[in-house]
Amino acid sequence: GHPVPPFAAAPAGWRWPRCRAFSTSRRRDGVAGASTRETTAQSATRPAADCTQSSQNTPKVASALRNAPIYPTAVRSVAYSPNGKWLAIGAGDGGVRVWDAQRKEIVRTIAAHENWVFDLTYTPEGTLVSGGGDNSVVLIDVETGKILGRFYDHTNDLHGVAVTPDGDRLISGGDDTRILDRSLKENTVRELGMHKRQVTSVTISPDGKLAASSSRD
């Protein structure tokens, strides 16, 4: 790997990006401020008018890049499968390339999104999860290349996806400033919280009890 350079002093006026943590418990005694509202998948997508003023004024990253040349080699995300067999590569054209780690070659290309694949992760069982610039989260069988499901729970670009260790809960965040918690088994969605600006990444603690997010706020 590359050596880590020493930390430099932050420039005057610099603010570190904000990070927030939320309880993933579906009980009402979770972290204060976490919403307990749940909806069915059919009504999960909010109209743009329901977004807060800050999210209405948030520019879409994918839209800003739309007029720029996008090459298949414009890689934005990578993720190994739990068994180490597959390396998924998310590109600027919306395609996911599946690399066979043993044969060292791309074995299939999956048209997952209309544009940028911003984040990739796997469920414990090996299903690939991708978040893209078309506001969707996609579930993919990397063995066959088949798309197993697609969710439009967000109203803007997706920049972070994570799955709990039990494989049930899908946490996502993006440019609409919201952190959403989807139960893949119950097919419901709830809002864990919001940032003031775009969400740049999400992650889940090893025990699955906490979700953390970073943002441009």
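Residues numbered from 1 in each chain as written. Predicted model: local features only at pLDDT ≥ 70, side-chain atom pairs only at ≥ 80, totals over all residues. Heavy atoms only, no water.

(A) Layout of the overall build of the chain. A tally of helices and strands in the chain yields 2 helices and 16 strands. In the chain, the share of contacts with a sequence separation of at least 24, taken over all contacts with a separation of at least 6, comes to 45%. (Helix = DSSP H or I, 4+ residues; strand = E, 2+ residues; numbered from the N terminus. Contact = heavy atoms within 4.5 Å.)

(B) Expanded view of the pattern of salt bridges. Scanning the model with the defined rule gives 9 salt bridges in all. Between Arg150 and Asp134 there is a salt bridge whose closest N-O contact spans 3.8 Å. Here Arg150, found in strand β10 (residues 146–151), pairs with Asp134, found in the loop between β8 (128–132) and β9 (137–141); they are 16 residues apart in sequence, far enough to count as distant. Here Arg150 falls in the partly exposed class, since its relative accessible area comes to 31%. The shortest N-O distance in the salt bridge between Arg178 and Glu191 comes to 3.7 Å. Here Glu191 lies in strand β14 (residues 188–194) and Arg178 lies in strand β13 (residues 178–183), a separation of 13 residues in the sequence. For Arg178, a relative accessible area of 3% puts it in the buried group. Each member of the salt-bridge network shares a partner with another, and the members are Asp100, Arg103 and Glu105. (Salt bridge = Lys/Arg side-chain N within 4 Å of Asp/Glu carboxyl O. Buried < 20%, exposed > 50% of the residue type's maximum accessible area, 1.4 Å probe, protein only.)

(C) How the structure looks around the sheet that holds strand β7 (residues 117–122). Pairing is antiparallel across the open sheet formed by 4 strands, whose spatial order is β7-β8-β9-β10. Only two strands of the sheet have a single partner each, and these edge strands are β7 and β10. The mean inter-strand angle of the sheet, taken between neighbouring strand axes irrespective of direction, is 25 degrees. Summarising the sheet, β8 and β9 pair through 4 bridges and their orientation is antiparallel. (Pairing = 2+ DSSP bridges. Axes fitted to C-alpha atoms, helices over the stretch in contact; angles between N-to-C directions.)

(D) Looking closely at unusual backbone geometry. Not every positive phi belongs to a glycine, and Lys104 is a case in point at roughly 55 degrees. Along the chain, Lys104 falls in the loop between β5 (95–100) and β6 (105–111). Exposure remark for Lys104: the relative accessible area of 59% places this residue in the exposed category. In this structure, Thr177 takes a positive phi of about 75 degrees despite not being glycine. Topologically, Thr177 is positioned in the loop between β12 (169–174) and β13.

(E) Broad picture of the confidence of the model for the chain. The predicted model of the chain has a mean per-residue pLDDT of 77, with 66% of residues at 70 or higher. The low-confidence segment residues 1–12 (pLDDT under 50) makes 0 contacts with residues lying over four places distant or belonging to another chain. Below a pLDDT of 50 lies the segment residues 27–56, which in the model reaches 45 contacts outside its immediate sequence neighbourhood of four places, other chains included. (pLDDT = per-residue confidence, 0-100.)

(F) Broad picture of the pairing of β7. Counted residue by residue, β7 has 6 buried out of 6 residues, so it is predominantly covered. Bridge count between β7 and β8: 5 bridges; the pairing is antiparallel. By the bridge assignment for β8, Thr121 is matched with Val129. Between the end of β7 and the start of β8, which pair antiparallel, lie 5 residues, with Gly126 showing a positive phi angle near 105 degrees.

(G) The arrangement of the nonpolar core in detail. Among the nonpolar cores identified, the biggest contains 14 residues, and Ala88, Val96, Leu120, Tyr122, Leu128, Ile140 and Val142 are the most heavily contacted of them. Counting residues per element, the ones that place at least two in this core are β4 (86–91), β5, β7 and β9. Among the elements that make up this core, the one with the highest residue count is β7 (3 residues). Not counting residues up to four positions away in its chain, the partners in contact with Val96 are Ala88, Ile89, Arg108, Thr109, Ile110, Ala112, Val117, Leu120, Leu128 and Ile140. (Core = buried A, V, L, I, M, F, W, Y, C linked by side-chain atoms within 4.5 Å.)

(H) How the structure looks around the pairing of β14. The element β14 is extensively covered by neighbouring structure, given that 6 of its 7 residues are classed as buried. Across 6 bridges, the pairing between β13 and β14 is antiparallel. Counted as the bridge partner of Leu180 is Glu191 from β14. In sequence, β13 turns back onto β14 through a hairpin of 4 residues, with Asn187 there showing a positive phi of about 60 degrees.

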